[in-house]
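Geometric and topological summary
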Amino acid sequence: VHYLSFELYNKCEGKSENERWELLRSYFFEQKKFQVLSSQWPEVQEGDLLMKPVLEKNIGHPLPLTLLYLHLALATNLPVSLVQARQEYILKWVRPGCSSYLDMKTGLILSDCEIFQMLQKSSSNPEVWDARLIYRRYLEELMRLYEQLGHAQMLHSIYNLCLQLDDANLPVLARRALLRH
């Protein structure tokens, strides 16, 4: 991840925000050829969600790829956020007076009409997630995977991380209590 950040930072040095936005998109999807898996639950595998295998294969679940993209955007000083949209992974780049949207599943920039239709279809709004919500969403995906696999030790660790974010999360408290018996 550090190498990718360093390499991209050097490519973006001295470039405008518009140029960095396009450079990041082409670097990620065209040069490095990162791809989002189309598989749905329960076909999602451990290697699709964990960062190390995703980096080794350049393919994975949309959420870890989105996390990586957000990290690279931060490294290039681009204000990019994840939009709250069910089952969609849309990144929003905010500029003075306008915004630009990227569909992480396709690597394509979305028009205003396309983003409106996508958000309307998923009954979502263009609000962005903060880091805490993104982290919680990632933990929920890992929880789903390890519950499916029956991996008690990993589940216990994930439940503890979830409770650090929200110690009053009753469903997670109950799952952790049942896991111990």
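These notes cover the structure that comes with them.

Secondary structure assignment for the protein yields 9 helices and 6 strands. Across its three principal directions, the C-alpha atoms of the protein cover 55 × 35 × 30 Å. Residues counted as buried form 41% of the 181 residues belonging to the protein. Pairs at least 24 apart in sequence give 56% of the contacts found in the protein among residues at least 6 apart. Summed over its atoms, the accessible surface of the protein is roughly 10200 Å², and 54% of this surface lies on carbon and sulfur atoms. Across the protein, 20 positive and 21 negative side-chain charges occur, with their mean positions spaced 2 Å apart.

As for its position among the elements, E141 is in helix α7 (residues 131-149). In this view, E141 contacts W41, L49, H61, L63 and Y89; residues no more than four positions away in its chain are not counted.

Turning next to the pairing of strand β4 (residues 90-95). Taken together, the 3 bridges between strand β3 (residues 80-82) and β4 define a ladder with antiparallel strand orientation. Bridge pairing links S81 to K92 in β4. In terms of strand pairing, β4 meets strand β5 (residues 98-103) through 6 bridges, oriented antiparallel. Each residue of the ladder has a partner; that of I90, found in β5, is D103. Counted along the chain from β4 to the antiparallel partner β5, the turn is 2 residues long, and its residue G97 has a positive phi close to 85°.

What follows concerns the nonpolar core. Of all hydrophobic cores here, the largest spans 44 residues; its most connected members are F28, Y69, V80, L91 and M104. Contributions of two or more residues to this core are made by α1 (2-12), α2 (17-31), α5 (62-75), β3, β4, α7 and α8 (152-165). Residues in contact with Y69, not counting those within four places in the same chain, are W21, L24, R25, F28, F29, L91, L102 and M104. The next biggest cluster of nonpolar side chains, apart from the first, holds 8 residues, and it includes I90, L110, I115 and M118.

Throughout the structure, instances matching the rule amount to 6 salt bridges. Note that K57 is salt-bridged to D48, the shortest N-O span being 3.8 Å. By relative accessible area, which is 44% here, K57 ends up partly exposed. A relative accessible area of 8% means that D48 is categorised as buried. R137 is the partner of E141 in a salt bridge, and the nearest nitrogen-oxygen pair spans 2.4 Å. Placement of both E141 and R137 in helix α7 is noted, with a separation of 4 residues, approximately one turn of the helix. By relative accessible area, E141 is classed as buried at 4%. Each of the salt bridges in this network shares a partner with another, and the network as a whole consists of E22, R25 and E30.

Conventions used here
- Residues numbered from 1 in each chain as written.
- Predicted model: local features only at pLDDT ≥ 70, side-chain atom pairs only at ≥ 80, totals over all residues.
- Heavy atoms only, no water.
- Helix = DSSP H or I, 4+ residues; strand = E, 2+ residues; numbered from the N terminus.
- Buried < 20%, exposed > 50% of the residue type's maximum accessible area, 1.4 Å probe, protein only.
- Contact = heavy atoms within 4.5 Å.
- Areas by Shrake-Rupley, 256 points an atom, 1.4 Å probe, with all protein chains shown as cover.
- Lys, Arg positive; Asp, Glu negative; His and termini not counted.
- Charge placed at Lys NZ, Arg CZ, Asp CG, Glu CD.
- Pairing = 2+ DSSP bridges.
- Core = buried A, V, L, I, M, F, W, Y, C linked by side-chain atoms within 4.5 Å.
- Salt bridge = Lys/Arg side-chain N within 4 Å of Asp/Glu carboxyl O.

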